[in-house]
Amino acid sequence: LVTPESPIEKTMYFIAMNAPERLEIKITKSEFVIGKLPSVDGPVSFNKWISRRHCTIYKKGNQYMIKDMDTPNKTYINGKRLEPEQLYNIKNGDIVRLANSNFQVVIK
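A short tour of the structure in this document, coming up.

Quick notes on the rules
- Residues numbered from 1 in each chain as written.
- Predicted model: local features only at pLDDT ≥ 70, side-chain atom pairs only at ≥ 80, totals over all residues.
- Heavy atoms only, no water.
- Helix = DSSP H or I, 4+ residues; strand = E, 2+ residues; numbered from the N terminus.
- Rg over C-alpha atoms; globule rule 2.2 N^0.38 Å.
- Buried < 20%, exposed > 50% of the residue type's maximum accessible area, 1.4 Å probe, protein only.
- Contact = heavy atoms within 4.5 Å.
- Areas by Shrake-Rupley, 256 points an atom, 1.4 Å probe, with all protein chains shown as cover.
- Lys, Arg positive; Asp, Glu negative; His and termini not counted.
- Charge placed at Lys NZ, Arg CZ, Asp CG, Glu CD.
- Pairing = 2+ DSSP bridges.
- Polar contact = N/O pair within 3.5 Å; in protein donor to acceptor, adjacent residues only side chain to side chain.
- Core = buried A, V, L, I, M, F, W, Y, C linked by side-chain atoms within 4.5 Å.

Structural notes on the overall build of the protein
For step 1, the next point in the chain: For the protein, the helix and strand inventory stands at zero helices and 11 strands.
For step 2, the next point in the chain: Counted from the first residue to the last, the protein has its helices and strands arranged as β-β-β-β-β-β-β-β-β-β-β.
For step 3, the next point in the chain: Against the compact-globule benchmark of 13 Å for 108 residues, the protein has a radius of gyration of 14 Å, which places it among compact chains.
For step 4, the next point in the chain: Taken along the three principal axes of its C-alpha coordinates, the protein extends 55 × 30 × 25 Å.
For step 5, the next point in the chain: Looking at the 108 residues of the protein, the share that counts as buried comes to 40%.
For step 6, the next point in the chain: Taking as baseline every contact in the protein between residues at least 6 positions apart, the subset at least 24 positions apart corresponds to 38%.
For step 7, the next point in the chain: Carbon and sulfur atoms make up 48% of the accessible area of the protein, which totals about 6600 Å².
For step 8, the next point in the chain: One finds the centroid of the 17 positive side-chain charges in the protein at a distance of 3 Å from the centroid of its 11 negative side-chain charges.

Notes on the sheet that holds strand β6 (residues 63-68)
For step 1, the next point in the chain: Read across the sheet, five strands follow the order β4-β3-β5-β6-β9 without closing on themselves; strand pairing throughout is mixed. Whereas interior strands pair on both sides, the edge strands pair on one side only; in this sheet they are β4 (42-43) and β9 (87-90).
For step 2, the next point in the chain: Here strand β3 (residues 31-35) pairs with strand β5 (residues 55-60) via four bridges, running antiparallel. Paired with V33 across the two strands is T56, which belongs to β5.

A few points about the environment of Y64
For step 1, the next point in the chain: One can find Y64 in strand β6.
For step 2, the next point in the chain: The class of Y64 is buried, set by a relative accessible area of 1%.
For step 3, the next point in the chain: Along the sequence, Y64 and L82 sit 18 residues apart, while their C-alpha atoms lie 15 Å from each other.
For step 4, the next point in the chain: Each residue touching Y64, except ones within four places of it in the same chain, is listed here: K10, T11, M12, I27, I57, Y58, K59, Y88, N89, I90 and I107.
For step 5, the next point in the chain: Within the local environment of Y64, its side chain forms a polar contact with the backbone oxygen of K10, the two atoms lying 3.2 Å apart.
For step 6, the next point in the chain: Within the structure, the side chain of Y64 is placed 3.2 Å from the backbone nitrogen of M12, a separation counted as a polar contact.

Digging into the pairing of β5
For step 1, the next point in the chain: Across six bridges, β5 lies against β6 in antiparallel orientation. Note on β6: the bridge partner recorded for C55 is D68.
For step 2, the next point in the chain: Linking two consecutive strands that pair antiparallel, namely β5 and β6, is a turn of two residues; a positive phi of about 65 degrees is found at G61 within it.

Things to note about the nonpolar core
For step 1, the next point in the chain: Of all hydrophobic cores here, the largest spans 24 residues; its most connected members are M12, F14, I34, I57, I66 and I90.
For step 2, the next point in the chain: Counting only elements with at least two residues in this core, the list comes to β1 (12-16), β3, β5, β6, β9, β10 (95-98) and β11 (101-107).
For step 3, the next point in the chain: In contact with I34, not counting residues within four places along its chain, are F14, I25, I27, V40, G42, V44, R53, H54, C55, I57 and L98.

Here it is as structure tokens:
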């Protein structure tokens, strides 16, 4: 009897690019909030333009999605501005911009 192997669970990281400090945010749950509040799942303290609750990352299996939380300084994927409160797929290698800070998506 041959049984299909379950897919290996992957993990997503948000890695800050050109930031004043090294920041690597590991997405550790199925609904993960990123913003400047210390109480969010992934706090970003080096950029005052990032909103308190800027975006939410959703994980379902090995699929990741992002939602802008209707922020004044917006969220972008590869230069394309996201509509607030809409879900967008994100994949390995994408560049996500929160306000004016870029983060590379690494899924491994």
